[in-house]
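Residue-level listing of the chains:
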Amino acid sequence: MEDKELNLVDHLEELRKRIIISALAFIVFFAIGFIYVDDIYKWFVRDLEVKLMVLGPSDIIWIYFMLATVVAVAGTIPVLALQIWLFVKPALRPVERRITLSYVPALFFLFLIGLSFGYFVIFPMVLKFLVNIGGDMFVTNFTADRYFSFIMNMTLPFGVLFELPVVVMFLTSLGIINPFVLAKIRKYAYFVLIIIAVVITPPDFMSDFVVTLPLLLLYEISINLSKFVYRKRLKKQKEDELIEA
């Protein structure tokens, strides 16, 4: 009983260590983002024909914090993934350790690809649609707060969703999920992804289609990658059983 309690304390201490390292990484990247926030701001507004407005002094600091937070999240993702890997590493076989470690940089790059898809494809499409609705009835002026909040809403969800294949591979490697479960819940997953696509896009078929198709494709890619990892995992288990026998 005492051994179990000591083991639990060790695990909690290790988890605390990983959380602290991830939190420190977030703070460091946040500071870096805050230092270069002026350059980041100018890059985002480079194509705007109007100058963004603020309604009060607090809006300015809020924009700074928002942009720095995006930099911090993007920079912390590989650090957080590495800390998760280090936490579960003792329970993995040597082969599983090498395979799962390769997922760390993949998470970062897929997050960036998702952000790029949201910013360069979804954001301009939705913005153009919403501005055109008003036509000549309204004077189009944007506050910096609303404009950047809109950008975040159009990009961050895709950064997270595009990591689905790697997350699925990682969980399959740990034996938490398998491709049969993913295939079984396919229709429910499709329904959720379609709802997400409809909610974040303008109410026209083409916009819904442009967003829905990549999300469904990501799910199918996730299933196939899960199958690949699952087969390799079973093969390795059988080889280990033969060696032990």
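All values derive from a computational prediction rather than experimental measurement.

Visitor: Quick question: what am I supposed to make of the overall build of the protein chain here?
Guide: Check the secondary structure of the protein chain and you find 10 helices and 0 strands. Its helices and strands in sequence order give the protein chain the pattern α-α-α-α-α-α-α-α-α-α, from N to C terminus. If one aligns the C-alpha atoms of the protein chain with their principal axes, the spans along those axes are about 80 × 40 × 30 Å. Split into buried and exposed, the 245 residues of the protein chain put 36% on the buried side. Per element, the accessible surface of the protein chain, about 15400 Å² overall, is 71% carbon and sulfur.

Visitor: Hey, could you run me through the packing of helix α3 (residues 57-88) against helix α6 (residues 144-161) in this one?
Guide: Packed helices, taken two at a time, are described by the angle their axes make and the gap between the axes. At a minimum axis distance of 9 Å, the contact between α3 and α6 shows a crossing angle of 20°. Regarding the angle of α3 to α6, the classification is roughly parallel. As for how α3 packs across α6, the hand of that crossing is left-handed. Where α3 approaches α6, its residues D59, W62, I63, M66, L67 and V70 are matched on the opposing element by A144, D145, F148, S149 and M152.

Visitor: Where do I start with the nonpolar core in this structure?
Guide: The nonpolar side chains of a soluble globular protein tend to be buried with one another. Grouped together as the largest cluster of nonpolar side chains are 38 residues, with contacts concentrated most on F123, Y147, F148, I151 and F158. Listing elements by their share of this core, those giving two or more residues are α2 (37-44), α3, α5 (103-134), α6, α9 (186-200) and α10 (205-244). With 8 residues, α6 is the largest single contributor of residues to this core. Those residues within four positions of Y147 in sequence are excluded, and the remaining contacts are F44, L48, L52, F123, L127 and F142.

Visitor: Would you mind going over the pattern of salt bridges with me for this structure?
Guide: A side chain of one charge can pair with a side chain of the opposite charge when the charged atoms of the two come close. Under the counting rule described, the total for this entry stands at 5 salt bridges. For R16, the salt bridge identified is with E13, shortest N-O distance 3.3 Å. Pair noted here: R16 and E13 are both in helix α1 (residues 2-35), with a separation of 3 residues, about one helical turn. Note on E13: relative accessible area 44%, which makes it partly exposed.

Visitor: Can you help me understand the packing of aromatic side chains in this one?
Guide: Aromatic ring pairs are defined here through the distance separating the ring centres and the angle between the ring planes. For the structure on display, the rule yields 23 aromatic pairs. Centroid distance F44 to F148: 5.9 Å. Interplanar angle 90°. Geometry classified as edge-to-face. Linking F44 in helix α2 with F148 in helix α6, this pair joins segments that are 104 residues apart in sequence. For F44, a relative accessible area of 15% translates into the label buried.

Reading the values: rules and limits
Residues numbered from 1 in each chain as written. Predicted model: local features only at pLDDT ≥ 70, side-chain atom pairs only at ≥ 80, totals over all residues. Heavy atoms only, no water. Helix = DSSP H or I, 4+ residues; strand = E, 2+ residues; numbered from the N terminus. Buried < 20%, exposed > 50% of the residue type's maximum accessible area, 1.4 Å probe, protein only. Areas by Shrake-Rupley, 256 points an atom, 1.4 Å probe, with all protein chains shown as cover. Axes fitted to C-alpha atoms, helices over the stretch in contact; angles between N-to-C directions. Parallel < 35°, antiparallel > 145°, perpendicular 65-115°, else oblique. Left-handed = near helix turned anticlockwise from the far one by under 90°. Contact = heavy atoms within 4.5 Å. Core = buried A, V, L, I, M, F, W, Y, C linked by side-chain atoms within 4.5 Å. Salt bridge = Lys/Arg side-chain N within 4 Å of Asp/Glu carboxyl O. Phe/Tyr/Trp six-rings, centres within 6.5 Å; stacked < 30°, edge-to-face > 60°.

Spatial relationships are all this shows, so hold off on functional conclusions.
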